[in-house]
Amino acid sequence: MLERLTELESALRQARGGGGEKYVARHHARGKLLPRERIELLVDRDSPFLELCPVAAWGTDYPVGASVVTGIGIVEGVPCVIVANDPTVRGGAVNPFSLKKTQRAGQIARENRLPLINLVESGGADLPQQAEIFIPGGAAFRDLTRLSAAAIPTVAVVFGNATAGGAYVPGMSDYTIFVRDRAKVFLAGPPLVKMATGETVDDETLGGAVMHATRSGLADFVAEDERDALRLARGCVRNFRNPGQSRTYGPEPKFDADDLLGIPSADLRVPFDPREILARILDGSEFDEFKPAYGPALCTGWGAIHGHRVGVLANVRGVLFSAEAQKAAQFIQLANSSGIPLVFLQNTTGYMVGSEYEQGGIIKHGALMINAVANSRVPHLTVNIGASYGAGNYGMCGRAFEPRFLFTWPNAKSAVMGPQQLAGVLSIVARQAAEAKGHAYDEEQDRTMRFMVERKVEQESAALFLSGRLYDDGVIDPRDTRTVLGMCLALVGTGETAQFGVFRH
């Protein structure tokens, strides 16, 4: 685990380094702040900031972090989603991964009814990648207007360029703040205007802060510098309705969080008891287990995290049988009847296969569990603490089932099945095909194929690979699990009454 955490820290250093020392120094020399410096001045002093998808684009040709910082912070006592362009990375240009990352931030704002603050400094779309950005990118503007229509406030603070499509970020925000002599907001810059119309015009006349404050009306406030802009942004948030959630605390767990580093095995095939995890994240290490003698491969029960009541579903052994699936569906219904959020701790290889289990109804019972997860209306929080393979990923509320938040431990893996199983299936299919044609099977080629497939699946199921493609909201240190879940629970509220689909018995 410590080795995996070292890999994670290396990736995080890359993300925090932005475009590198040369471009960071150039940015500072212009009197500008870096995105994380802007966020630090925006949020309340000494309050937490939960960064989301920090290693987006890891393992791709794009910079780690995807040229944008997103997360949740407290501003004037109000939890807010914050999106900050990183202008040290290709001028803050939007690439396919930064688009996905900002859209995920908008989704979190919508689902949890959190104000959205955009700290804007971007040259717009990274033009060589326009084919992957232009059409899906329109959803970002659609979602901004829908937030406003849902009475979820939006704020845009423009520190520099916001050109072309980027101009619509302030254009569609409820509150706009432009930095004097720095903000440049226009659909087309001076060179393109010259080409299109023949007009010669300078940046300030075309789209400067003063022009937009006095002529176009796009700027609500003109800030004297970046710090003043952040002060004005805090002033806007001060007027938002604060839900007034009382800050809750719970007794600390009785067991040391450092133990979480050693509880999972380095070999995912070796099971471990999730109750050992719960004893180190639940308030007072207290867990009221539900139906402990039935479906023992799935642990379900009630507890609290930082004073927030939760229902927990945690895999004890990797495989899910019919009893576990039925138990899960009943437990999810109970949580919905009480409006209690659910926490899923994934460590599953999927639903059991074989003639005995097929005849026993594993498909309909797995479908029952997946039905319950899909139609549950209480908030779901998911943490992959080991394995998340096959349909077990769906039944344990994987990304496709839209948990409010999903985090991953550095040791965790996720794929359609394990590397050895997948390579073995391909080998069997190839062998049968050769036999059907009457050909001799090439054993040496088979060994090479299995090795290559296993290595590929191993790489593509790793936590950093999946997080780099935004299949979670971040890889976290296991010791931070209680803190991260507590922050999320403070945001998600409770659920509404669920209307479940028809359960097949």
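My aim in this report is to walk through the structure given alongside it, one point at a time. (Residues numbered from 1 in each chain as written. Predicted model: local features only at pLDDT ≥ 70, side-chain atom pairs only at ≥ 80, totals over all residues. Heavy atoms only, no water.)

A word on the packing of helix 12 (residues 322-338) against helix 14 (residues 362-375)
Alright, step 1. The interhelical angle for the contact between helix 12 and helix 14, taken along N-to-C directions, is 25°, at an axis separation of 8 Å. One finds that helix 12 runs roughly parallel with respect to helix 14. Considering the relative orientation of helix 12 and helix 14, their crossing is left-handed. From helix 12, Ser322, Ala325, Gln326, Ala328, Ala329 and Ile332 reach across to helix 14, where they touch Ile362, His365, Gly366, Leu368, Met369, Ala372 and Val373.
Alright, step 2. In terms of residue class, the contact of helix 12 with helix 14 is built from nine nonpolar, four polar and no charged. (Axes fitted to C-alpha atoms, helices over the stretch in contact; angles between N-to-C directions. Helix = DSSP H or I, 4+ residues; strand = E, 2+ residues; numbered from the N terminus. Parallel < 35°, antiparallel > 145°, perpendicular 65-115°, else oblique. Left-handed = near helix turned anticlockwise from the far one by under 90°. Contact = heavy atoms within 4.5 Å. Nonpolar A, V, L, I, M, F, W, Y, C, P; charged D, E, K, R; others polar.)

Some remarks on the pattern of salt bridges
Alright, step 1. Within this structure, the stated rule accounts for 29 salt bridges.
Alright, step 2. Its salt-bridge partner being Glu76, residue Arg238 comes within 3.1 Å of it at the nearest N-O pair. Here the residue Arg238 occupies a position in helix 10 (residues 226-238), and Glu76 occupies one in the loop between strand 2 (68-75) and strand 3 (78-85), the gap between them amounting to 162 residues.
Alright, step 3. A relative accessible area of 52% places Arg238 in the exposed class.
Alright, step 4. Under the relative-accessibility criterion, Glu76 is labelled partly exposed at 24%.
Alright, step 5. One salt bridge connects Arg399 with Asp473, and the closest N-O pair in it is separated by 3.3 Å. Pair noted here: Arg399 is in the loop between helix 15 (390-395) and strand 16 (405-408) and Asp473 is in the loop between helix 18 (463-468) and helix 19 (481-492), with a separation of 74 residues, a long-range link.
Alright, step 6. The network of salt bridges with shared partners includes Lys32, Arg38, Glu121 and Glu226. (Salt bridge = Lys/Arg side-chain N within 4 Å of Asp/Glu carboxyl O. Buried < 20%, exposed > 50% of the residue type's maximum accessible area, 1.4 Å probe, protein only.)

Considerations on the packing of helix 16 (residues 419-436) against helix 17 (residues 443-460)
Alright, step 1. Viewed as axis vectors pointing N to C, helix 16 and helix 17 meet at an angle of 145°, and their least axial separation amounts to 8 Å. Between helix 16 and helix 17 the crossing geometry is right-handed. Along the contact surface, helix 16 presents Pro419, Gln420, Leu422, Ala423, Gly424, Leu426, Ser427 and Arg431, while helix 17 presents Glu443, Asp446, Met449, Arg450, Val453, Glu454, Val457 and Glu458.
Alright, step 2. Of the residues contributing to the contact of helix 16 with helix 17, the split by class is seven nonpolar, three polar and six charged.

Remarks on the nonpolar core
What tends to happen in soluble globular proteins is that the nonpolar side chains get buried as a cluster.
Alright, step 1. By size, the foremost hydrophobic cluster in this structure holds 60 residues, and its most contacted members are Ile277 and Phe405.
Alright, step 2. Counting residues per element, this core draws most heavily on helix 19, which supplies six residues.
Alright, step 3. Once you skip the residues sitting within four places of it in the chain, Phe405 turns out to touch Leu52, Ile72, Arg104, Ile108, Asn112, His380, Leu381, Thr382, Asp473, Cys488, Leu491 and Val492. (Core = buried A, V, L, I, M, F, W, Y, C linked by side-chain atoms within 4.5 Å.)

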